[in-house]
There are 2 protein chains.
Amino acid sequence: MSVGFRTFNPTLNTWNDEVYVRTSENEVNQKLKLLPSAQDSYRRLSVLNRADYLHAIHRSLQKRMGIIKDFYLKESGLSESRFETEWKRTLDTIILFEQYLRSHPSFEKKGYLPTDSIQMRKAALPIGPILVLGSSNFPLAYSTVGGDTVAAFAAGCCVIVKAHPMHAGTSSVVAACIEEARKTLNLPEGLFTHILDDGIGLAQQLCLDERIQGIGFTGSFKGGKALMDLAQTRKNPIPVFAEMGSVNPVIILQDLSTDQQQHAAKKLAFSIGNDAGQFCTKPGLIFIPKGEMGSSFLTLLIQAFSEISPVPMLHPRIHENFDKRRIDVISLKGVQHHTHQGALNGIEGRCTLAETEMSIFLQSQSMHEEVFGPFSLIVRYENSEELRTGIQTLSGQLTGSLFYGNHSGLVDEWIHLLTDKVGRIVLNDVPTGVRVMETMHHGGPFPASSDARFTAVGTDSMLRFQKYVTIQQQNIT
Amino acid sequence: MSVGFRTFNPTLNTWNDEVYVRTSENEVNQKLKLLPSAQDSYRRLSVLNRADYLHAIHRSLQKRMGIIKDFYLKESGLSESRFETEWKRTLDTIILFEQYLRSHPSFEKKGYLPTDSIQMRKAALPIGPILVLGSSNFPLAYSTVGGDTVAAFAAGCCVIVKAHPMHAGTSSVVAACIEEARKTLNLPEGLFTHILDDGIGLAQQLCLDERIQGIGFTGSFKGGKALMDLAQTRKNPIPVFAEMGSVNPVIILQDLSTDQQQHAAKKLAFSIGNDAGQFCTKPGLIFIPKGEMGSSFLTLLIQAFSEISPVPMLHPRIHENFDKRRIDVISLKGVQHHTHQGALNGIEGRCTLAETEMSIFLQSQSMHEEVFGPFSLIVRYENSEELRTGIQTLSGQLTGSLFYGNHSGLVDEWIHLLTDKVGRIVLNDVPTGVRVMETMHHGGPFPASSDARFTAVGTDSMLRFQKYVTIQQQNIT
């Protein structure tokens, strides 16, 4: 095995020139030695000091937007406008946490017990160093300085990032920004650690290291579940916050007006195909009624979807997996499909809508599973009873969307049903475009995420990385 | 195997007359069939309805105090005054949650995003049916209607209690009270399920049942860890909130005045020996300085402890385990001991203080582990450095206590050190006597509990049993 690896340019369909050197096991061990003392120092700082650190990271990133953009584009194949969106979102997340910290300078609540003059101060403290595994599909917003890292810093935790190998260059520049901010504020060495590896060896080593106290992961079910299981074998098991696959069901009710149908069809087509559908919240399953209204809606959806142009996927391996899964599903008995037919130049994702009916869907495990890419499965349902059964057979999901008109008396009932299955319910809109805010919940029942009680987006995501200690003393009055 | 089992009267050292019939696997399956619809109905009720339910349980319990007390005394061997305390605590917990629900009628927070008129309502919902495994040492407060059950009901969850077999009678009467309250309010059958078993078979079956969504457990490390591991093998893993063993270190600093020494010695002696030391927060490890002050404190402690009378333990098996562990430790090389020498009539716990020095303690795994009963290990330390090392070798603990005088400049430093190891820090007081209040944290880093982020006592304990769902819609202005 050579010591280096390269990233891939999906747009040019070639490997990039830069060679990235894998961090050696020995180097990792050297870096980990700094952790206990760095964690101890960082924990002693005030909440406002953490806000300052986030502010400095923000500034440092801004200075290097140009070079980050260059790497981002050539390592992801994503568009310039997508870069702008993700860049803004990444910076906004940092600001959101910075502001949250400034407005909550003490993570402590106090209680008194008058009967015996006892004071109890309950403080939220960092759980300790967090390992963040960069995602493939958000080279910025869910990677080196993404939501997990920023939430962990805000909670008072050291962070070890293992960069996603597909965007090692982007990650290295971002890591340099974080390190610059740390040095500017004279914060301890070891507060942030950046690691490069194109295999799973170092991630496993880190998952088992007793100094690591929690893990943030965004990726496949297989990868997430393996980490969860590995973390349970430790002497002291730790939480793994894994956000895994989701088909994000969409329900189309019978009573959409023609205008509403057109609106929904356009929104959905874009949500499925945009950026090659490489979003954890991409609508991958659409329940459409049988009968005239459903057929007219389907025609509109197919029409709108045909206007989406295929774009390169993130990496040849992702493209290969996509095509395999896509073909698996459209080859099943009882499945029709509407597939983009134009010629492809490289690793573009071939936009595909598959179509089946509920009775077939209910029998198929393969149709219940995510196809990561510009693909969605339409399932026609006969009546409310069949729709209800369809929803009940789903496993845990990140989101569930509901499109309804003015005559849907039972909307509350569908919402009620969805709360058992999903972490976010979207009414008359598409699930993509996750807003970073305090009331966002980005998570869902297993297997969508490892723990339905926690969100990966928004300020509450900090709660994953905090533990509590109560200090009890005689009330000094 | 016979179908029935009996409970034991520790005071009389005989088995009680009543025979309790094990719930059969078939009966359990019948009861579980009611769960999905009961959970669905209960979830639809308002938060105030849940408060009404708790209120009705409270009333129903009060009506049956006499019979509950009779069973409690004859199944636990605990004293009347202990019954009074635990009874009050149990009722107070119900009231605390009832009041909390009435003052928080909506578990929802709202956020708006002006840029695209999006409203996000984030609601806390019940995670689903909770299995509660009654503890051996709190027949009321951590059992059938204990903290876990009440928190789960408050969170909107159905509850399945597997009674601790040692107090099957107490549990059955309490279960009847809960059922009476349910019927009075016409709440769904299956909201509460009571199960009797003197083996581990049914607990394992329930842990693996996909309808169960979370587990509350108070008991041994072995039992808790086995449940955690088993729950991870499910298709959909669930959280196990296990509160396991703890030695609850106490640190005596050098500068206690003579008055303070007397006060601390009395408090500690009582805390170790009261109710045969059968508390999860019993101080089982006391760090005392070498030299004159430490020796004089130790003399006071031994004196105060000699005045504690041995009382029956909860059960012959607990007594047997206690004596085995107690003798294990006092037989180790380098350990002296001060053991109550009077004659015993039955299963009284023989009050014992063991004593060693830090260098020996650091080498011994056995000394680091809990001895459940009226026992504490005194470890003499040379200086601050040795004390620091001693604390650092500890595993996760529920509590850590610190006794200090007016000249201890470094109190904050000891507190800082303890926050890594414990869930509650007690200043100049003993850890027993857990207060039920909003700012209590009863938990601690693994292995004291399964998850340092959650408390088993106080209103925050509800957070264990809630998940979140965000509902996203266009803001209707």
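Residues numbered from 1 in each chain as written. Chains lettered and ligands numbered in written order. Predicted model: local features only at pLDDT ≥ 70, side-chain atom pairs only at ≥ 80, totals over all residues. Heavy atoms only, no water.

1. Some thoughts on the overall build of chain A
Right, on to step 1. What chain A contains, in helices and strands, is 16 helices and 19 strands.
Right, on to step 2. Since a compact globule built from 477 residues should have a radius of gyration of about 23 Å, the 24 Å found for chain A is in line with a globular shape.
Right, on to step 3. Dimensions of chain A, computed from C-alpha atoms along their principal axes, come out at roughly 70 × 65 × 40 Å.
Right, on to step 4. Relative to its 477 residues, chain A shows a buried fraction of 62%.
Right, on to step 5. Of the roughly 18,000 Å² of accessible surface on chain A, a fraction of 53% belongs to carbon and sulfur atoms.
Right, on to step 6. If the 46 positive side-chain charges of chain A are averaged to one point and the 48 negative ones to another, these points end up 6 Å apart. (Helix = DSSP H or I, 4+ residues; strand = E, 2+ residues; numbered from the N terminus. Rg over C-alpha atoms; globule rule 2.2 N^0.38 Å. Buried < 20%, exposed > 50% of the residue type's maximum accessible area, 1.4 Å probe, protein only. Areas by Shrake-Rupley, 256 points an atom, 1.4 Å probe, with all protein chains shown as cover. Lys, Arg positive; Asp, Glu negative; His and termini not counted. Charge placed at Lys NZ, Arg CZ, Asp CG, Glu CD.)

2. Comments concerning the pattern of salt bridges
Right, on to step 1. A full pass over the atoms with the stated rule returns 65 salt bridges over all chains.
Right, on to step 2. Between Glu355(A) and Arg380(A) there is a salt bridge, with the nearest N and O atoms lying 3.8 Å from each other. Pair noted here: Glu355(A) is in strand β15 (residues 352-357) and Arg380(A) is in strand β16 (residues 375-381), with a separation of 25 residues, a long-range link. Note on accessibility: Glu355(A) and Arg380(A) belong to one class, buried.
Right, on to step 3. Between Arg102(B) and Glu98(B) there is a salt bridge, with the nearest N and O atoms lying 2.9 Å from each other. One end of the pair, Arg102(B), and the other, Glu98(B), are both in helix α5 (residues 80-103), 4 residues apart, so they sit about a helical turn from each other.
Right, on to step 4. Here the residues in one salt-bridge network are Arg388(A), Glu413(A), Asp420(A), Asp40(B), Arg43(B) and Arg44(B), joined through shared partners. (Salt bridge = Lys/Arg side-chain N within 4 Å of Asp/Glu carboxyl O.)

3. Some points on the nonpolar core
Right, on to step 1. Counting residues in each nonpolar core, the largest one holds 234 residues, and the members touching the most others are Phe287(A) and Phe287(B).
Right, on to step 2. In this structure Phe287(B) touches Pro249(B), Val250(B), Ile251(B), Ile252(B), Met358(B), Phe361(B), Val379(B), Tyr381(B), Leu387(B), Gly390(B), Ile391(B) and Leu394(B), once residues within four positions along its chain are discounted. (Core = buried A, V, L, I, M, F, W, Y, C linked by side-chain atoms within 4.5 Å. Contact = heavy atoms within 4.5 Å.)

4. Concerning the side chain of His315(A)
Residues and elements named next belong to chain A.
Right, on to step 1. Following the sequence through the fold, His315 ends up in the loop between α11 (292-306) and α12 (316-330).
Right, on to step 2. The buried category is assigned to His315, whose relative accessible area is 9%.
Right, on to step 3. When residues no more than four places from it in sequence are discounted, the contact partners of His315 are Phe8, Trp15, Met166 and Ile347.

5. Observations regarding the relation of the copies chain B and chain A
Right, on to step 1. Mapping chain B onto chain A is achieved by rotating through 180 degrees and translating by 0.0 Å along the same axis, at an RMSD of 0.0 Å. The superposition of one copy onto the other is thereby described by a two-fold rotation axis. Residue Gln232(B), judged by its C-alpha, is the member of chain B lying nearest the rotation axis, at 4.2 Å. (Least-squares fit on C-alpha atoms with pLDDT ≥ 70 in both.)

6. Some remarks on the sheet that holds strand β11 (residues 240-243) of chain A
Residue and element names in this part refer to chain A.
Right, on to step 1. An order of β9-β8-β7-β10-β11 is seen for the 5 strands of this open sheet, with the pairing classed as parallel. The sheet terminates laterally at β9 (192-195) and β11, the two strands that pair on one side only. Taken over all neighbouring pairs, the strand axes of this sheet differ in orientation by 15 degrees on average, direction set aside.
Right, on to step 2. Where strand β7 (residues 130-133) lies against strand β8 (residues 159-162), 4 bridges are found, and the strand directions are parallel. The partner of Leu131 across the bridge, within β8, is Ile160. (Pairing = 2+ DSSP bridges. Axes fitted to C-alpha atoms, helices over the stretch in contact; angles between N-to-C directions.)

7. Concerning the domain arrangement of chain A
Residues and elements named next belong to chain A.
Right, on to step 1. Domain parsing of chain A yields domain 1 (4-244 + 451-474) and domain 2 (249-427).
Right, on to step 2. Domain 1 and domain 2 are separated by 33 Å when their C-alpha centres are compared.
Right, on to step 3. Every contact between the two is made by 16 residues of domain 1 and, on the other side, 16 residues of domain 2.
Right, on to step 4. Together domain 1 and domain 2 conceal approximately 1,300 Å² of surface at their shared face, both sides included; 65% is due to carbon and sulfur atoms.
Right, on to step 5. Broken down residue by residue, the surface that domain 1 buries against domain 2 is led by Pro10, Asn137 and Met166, which jointly contribute 33%.
Right, on to step 6. Linking domain 1 with domain 2 are 1 salt bridge.
Right, on to step 7. Considering only residue class, the side of domain 1 that touches domain 2 consists of 7 nonpolar, 6 polar and 3 charged. (Domains from an automatic or database assignment. Buried area = accessible area lost by both parts, 1.4 Å probe. Nonpolar A, V, L, I, M, F, W, Y, C, P; charged D, E, K, R; others polar.)

8. A short note on unusual backbone geometry
Residues and elements named next belong to chain A.
Right, on to step 1. For the bond running from Phe446 to Pro447, omega is 10 degrees, close enough to zero to count as cis.
Right, on to step 2. Tracing the chain through its elements places Pro447 in the loop between β18 (422-427) and β19 (466-474).
Right, on to step 3. If you check the backbone angles, Asn13 has positive phi at about 60 degrees while not being a glycine.
Right, on to step 4. Mapped onto the fold, Asn13 is located in the loop between β2 (8-9) and β3 (14-15).
Right, on to step 5. Looking at Asn13, the relative accessible area reads 34%, which means it is partly exposed.

9. A short note on the sheet that holds strand β18 (residues 422-427) of chain B
Right, on to step 1. Within the open sheet, the 10 strands sit side by side as β5(A)-β6(A)-β19(A)-β18(B)-β17(B)-β12(B)-β13(B)-β16(B)-β15(B)-β14(B). Their pairing is mixed. With one partner strand each, in any of the chains shown, β5 (108-113) of chain A together with β14 (336-339) of chain B form the two edges of the open sheet. Averaged over all pairs of adjacent strands, the angle between their axes in this sheet comes to 20 degrees, without regard to strand direction.
Right, on to step 2. With 5 bridges connecting them, strand β17 (residues 397-403) of chain B and β18(B) associate as parallel partners. For Ser401(B), the partnering residue across the bridge sits in β18(B) and is Val426(B).

10. Thoughts on the environment of Leu131(B)
Residue and element names in this part refer to chain B.
Right, on to step 1. Within the secondary structure, Leu131 sits in strand β7 (residues 130-133).
Right, on to step 2. According to the relative accessible area criterion, Leu131 is buried, its value standing at 0%.
Right, on to step 3. Apart from residues no more than four positions distant in its own chain, Leu131 is found in contact with Ile160, Ala203, Leu206, Cys207, Ile212, Gly214, Ile215 and Gly216.

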